[in-house]
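# Breakdown of the fold
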Amino acid sequence: MPMVASAAAYELRFDSGRICLDLLATAHPTERLDGTGALRAWLVGAGLVPAGSPLGQADLACLAAFRELRADIDQLIRAEPSLDRRPLESALARINSRTRGTPPAPRAVLTDDGRLVRHLHEEPDCPALVAAVARDLVELLTDPVAASRIRQCEGDNCPLVYLDTSRGRRRRWCSSEVCGNRERVARHRRRTAVT
């Protein structure tokens with residue numbers, strides 16, 4: 001995989017703890033799935049496909065499908081159960097429809113130096129890639145323990161969502177280095193302004 005593609009995959013990556021939540025992060029702080037190259041880099045960076053996988057099917061229609069999927073995930077993750085259920089039911093129906101695809105099938109390949117690496121049996125089509133993310137969302141939302149660990153970052157103006165797997169379930173920020181540091185700096189400034 002070329003270094004540029006690796007850098008792009010890293011740039012698009014957010015380790016929320018689930019692939020479906022990682023897809024949500026591609027809309028923050030601005031649209032980051034801004035073309036087919038970005039989509040391909042995200043697919044590799046998120047671990048849906050191994051580096052070097054052929055992704056000819058990741059075209060503009062597939063990009064639109066991932067953006068639509070992201071909108072439905074956002075609606076379901078941030079849903080207020082007491083509100084009108086019709087939009088949620090529509091989003092859920094679309095998600096359930098997308099889970100019907102067969103996710104890409106991995107296989108282990110023995111390299112010349114004796115290591116095992118992951119490849120795919122065949123080039124994945126867009127419905128297969130979308131199905132993998134849609135299934136991840138269904139598994140997350142239907143697992144009461146996992147669903148109870150979904151958190152939104154407490155950072156100012158940060159909409160990122162993650163799975164809190166920390167000891168004691170006290171994680172507050174999407175990233176301690178970014179939002180956590182901003183909060184600590186703001187707290188320090190408030191304290192020093194008072195004295």
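Basis of the calculations
- Residues numbered from 1 in each chain as written.
- Predicted model: local features only at pLDDT ≥ 70, side-chain atom pairs only at ≥ 80, totals over all residues.
- Heavy atoms only, no water.
- Helix = DSSP H or I, 4+ residues; strand = E, 2+ residues; numbered from the N terminus.
- Buried < 20%, exposed > 50% of the residue type's maximum accessible area, 1.4 Å probe, protein only.
- Contact = heavy atoms within 4.5 Å.
- Areas by Shrake-Rupley, 256 points an atom, 1.4 Å probe, with all protein chains shown as cover.
- Axes fitted to C-alpha atoms, helices over the stretch in contact; angles between N-to-C directions.
- Parallel < 35°, antiparallel > 145°, perpendicular 65-115°, else oblique.
- Left-handed = near helix turned anticlockwise from the far one by under 90°.
- Nonpolar A, V, L, I, M, F, W, Y, C, P; charged D, E, K, R; others polar.
- pLDDT = per-residue confidence, 0-100.
- 1 Å grid on protein atoms, 1.4 Å probe; cavity = no way out; pocket = protein on both sides within 12 Å on 5 of 7 lines; lining within 4 Å.
- Points joined across faces, edges and corners; volume = space filled by probe spheres on them.
- Expected span 1.5 Å × (residues − 1).
- Arc of directions from axis to C-beta.
- Phe/Tyr/Trp six-rings, centres within 6.5 Å; stacked < 30°, edge-to-face > 60°.

## Side note on the overall build of the chain
- The number of helices and strands found in the chain is eight helices and four strands.
- What you see in the chain, going N to C, is helices and strands ordered as α-α-α-α-α-β-β-α-α-β-β-α.
- For the chain, buried positions account for 38% of its 195 residues.
- Sequence separation of 24 or more characterises 54% of the internal contacts of the chain that already satisfy a separation of 6 or more.
- In the structure as shown, the chain presents an accessible area of about 11600 Å², 52% of it carried by carbon and sulfur atoms.

## As for the packing of helix H5 (residues 86-98) against helix H6 (residues 126-142)
- Two numbers describe how H5 lies on H6: the axes approach to 8 Å, and their chain directions differ by 125 degrees. Between H5 and H6, the crossing angle belongs to the class labelled oblique. By crossing handedness, the relation of H5 to H6 is classed as left-handed. The segment H5 lies against H6, with Ile 95, Asn 96 and Arg 98 engaging Val 130, Ala 131, Ala 134, Leu 137 and Val 138.
- The residue inventory of the contact of H5 with H6, partitioned by class, reads six nonpolar, one polar and one charged.

## Quick look at the environment of Ile 150
- With respect to the helices, strands and loops of the structure, Ile 150 is situated in strand E3 (residues 150-152).
- For Ile 150 and Asp 164, which are 14 residues apart along the polypeptide, the C-alpha to C-alpha distance reads 6.3 Å.
- Apart from the residues lying within four places of it in its own chain, the contact partners of Ile 150 are Ile 77, Leu 140, Leu 141, Val 161, Tyr 162 and Leu 163.

## Quick word on the confidence of the model for the chain
- With 88% of its residues at a pLDDT of 70 or more, the chain has an overall mean of 86.
- With pLDDT under 50 throughout, residues 1-5 is counted as low confidence; its partners more than four residues away or in other chains account for five contacts.

## Re the layout of surface pockets
- Empty space within the largest pocket amounts to approximately 370 Å³.
- Around the largest pocket, the lining is made up of 16 residues, and of these Leu 76, Ala 79, Leu 88, Leu 92 and Leu 141 lie nearest the centre.
- Contributions of two or more residues to the lining of the largest pocket are made by helix H4 (60-77), H5 and H6.
- Looking at side-chain class alone, the lining of the largest pocket contains 12 nonpolar, one polar and three charged residues.

## A short note on H5
- For H5, built from 13 residues, the straight-helix expectation of 18 Å at 1.5 Å per residue is met to within 8% by its first-to-last C-alpha distance of 19 Å.
- Of all the positions in H5, only Leu 88, Ala 91, Ile 95 and Arg 98 are classed as buried. All buried residues of H5 lie within an arc of 85 degrees about the axis, which places them on one face of the element.
- Against the buried residues of H5 lie H4 and H6.

## Details of the packing of aromatic side chains
- Scanning all chains against the criterion turns up one aromatic pair.
- With 6.0 Å between their ring centres and 65 degrees between their planes, Trp 42 and Phe 66 make a pair best called edge-to-face. In this pair, Trp 42 sits in helix H3 (residues 36-45) while Phe 66 sits in helix H4, placing the two residues 24 residues apart along the sequence. Like Trp 42, the residue Phe 66 is buried in the burial classification.

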